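Per-entry structural report
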Amino acid sequence: MFAHAQGEYNKSKWIITGIPSEIGSLSHIKNYIEGPESIRDASYRIFSPIFGEINMEDIYDYGDIDLEDIKDLDKLYEKIYNEIKKIYRKDKKYIFLGGDHSITYPILKIVKENWEDFHLLYFDAHPDIHPDPYPNYQSFIYHLIKENYIEPEKIIFVGISNLSFEEKNIIKEWGIKYYNPLDVWDNIKEISKEISNTLENKNLYISIDVDVFDTGCGHWLEGIGIRPYHYFKIIRELRNINLIGFDLVELFSNEVCDNLASKIVVETIAMFNNKDKL
């Protein structure tokens, strides 16, 4: 159980759910399934947040979705979709712990069904918009757009440091806004305000792939990245938004990286709690 989750489901505002799957990954490196439990274990080393306040009775840990017997990708997406649908309520904010990034594919289908109009703030070293014939961890954003679950103009990519030629052409053709690490490092103040202005008064879902950071904690590491400071700066700048939820995926587990992932969860909750008080 997540250390800060002391609430009951019906009374809690924040619901943590683990999705320990790596079926959607095409990488030969496989230990995504350790992510949810590693983040929970690290939460006992994370104490009071520094960017806001939390009420532990306002956080509930639902546990993991049982995916042990699932070997087929379509069945995986169906199981994740059905299990989230059973517990989903619009008066709660959901935190999903992965798992490879393909878990966001069925999550955003649920989001679309409940929030017709929403935006996606996507922190990742890769845009995951490659035109593969089926949705996996490098293509599911492409398929969500093609299946009309989200419009390209409602996506903001932050921290993109590696993309295929096909992805670059698709992003240009569809007019998707993205910032590379150099943009972020050189202009974090301006970019934070620009993102805040774009998302003001919007319904928002946030997705965080740990490989966006230059801390060596992701599975598919690039030579450059943003820092956790940049993430928190962007989140702190957001104003007047309705947060639907967020996910954190593709953790390469070790003590330092687990601490970072758990810290991101705790501080993100605290920052949005602060916003609710403004």
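Scroll up for the structure.
Figured I'd write up the structure that's included with this text. (Residues numbered from 1 in each chain as written. Predicted model: local features only at pLDDT ≥ 70, side-chain atom pairs only at ≥ 80, totals over all residues. Heavy atoms only, no water.)

A separate point is the pairing of strand β3 (residues 93-98). The buried count for β3 comes to six of six residues, which makes it a mostly enclosed element. Burial along β3 is two-sided: Lys93, Ile95 and Leu97 facing one way and Tyr94, Phe96 and Gly98 facing the other are all buried. Relative to strand β8 (residues 242-249), β3 is paired through four bridges, and the arrangement is parallel. Residue pairing for β8: leucine 97 is matched across the bridge by leucine 248. (Buried < 20%, exposed > 50% of the residue type's maximum accessible area, 1.4 Å probe, protein only. Helix = DSSP H or I, 4+ residues; strand = E, 2+ residues; numbered from the N terminus. Pairing = 2+ DSSP bridges.)

A few words now on the nonpolar core. The biggest cluster of nonpolar side chains holds 46 residues, and the ones touching the most others in it are Leu121, Phe123, Val158, Ile195 and Ile206. Examining the composition of this core, we find that nine residues originate from one element, helix α8 (residues 255-277), more than from any other. Among all residues touching valine 158, those that are not within four sequence positions of it are Leu121, Tyr122, Phe123, Asp124, Tyr179, Val184, Ile195, Val212, Ile226 and Ile234. With 42 residues, the next largest nonpolar core counts Ile84, Ile87, Leu108 and Ile110 among its residues. (Core = buried A, V, L, I, M, F, W, Y, C linked by side-chain atoms within 4.5 Å. Contact = heavy atoms within 4.5 Å.)

Put simply, helix α2 (residues 73-87) and helix α3 (residues 104-114) touch, their axes get as near as 8 Å, and they point 40 degrees apart. Considering their axes alone, α2 and α3 lie oblique with respect to each other. You can see that α2 and α3 cross each other, and the crossing is right-handed. Counted together, Tyr77, Ile80, Tyr81, Ile84 and Lys85 of α2 and Tyr105, Pro106, Ile107, Lys109, Ile110 and Glu113 of α3 form the full contact between these two elements. (Axes fitted to C-alpha atoms, helices over the stretch in contact; angles between N-to-C directions. Parallel < 35°, antiparallel > 145°, perpendicular 65-115°, else oblique. Left-handed = near helix turned anticlockwise from the far one by under 90°.)

A few words on the side chain of glutamate 167. Along the chain, glutamate 167 falls in helix α5 (residues 165-174). Buried charge glutamate 167 goes without a salt bridge, the closest partner of opposite sign being lysine 168 at 11 Å. At 3.0 Å, the side chain of glutamate 167 forms a polar contact with the backbone nitrogen of isoleucine 129. Among the polar contacts listed, one links the side chain of glutamate 167 to the backbone nitrogen of serine 164, at a separation of 2.9 Å. Filtering out sequence-adjacent residues up to four positions away, glutamate 167 remains in contact with Pro127, Asp128, Ile129, His130 and Gln138. (Lys, Arg positive; Asp, Glu negative; His and termini not counted. Salt bridge = Lys/Arg side-chain N within 4 Å of Asp/Glu carboxyl O. Polar contact = N/O pair within 3.5 Å; in protein donor to acceptor, adjacent residues only side chain to side chain.)

To continue, consider the pattern of salt bridges. Here the idea is simple: oppositely charged side chains can pair when their charged atoms come close. Here the structure, examined in full by the defined rule, presents twelve salt bridges. Across the salt bridge formed by lysine 86 and glutamate 83, the nearest N and O atoms sit 3.0 Å from each other. Here lysine 86 and its partner glutamate 83 are both found in helix α2, three residues apart, which amounts to about one turn of the helix. The salt bridge involving lysine 154 is made with glutamate 151; its shortest N-O contact spans 3.7 Å.

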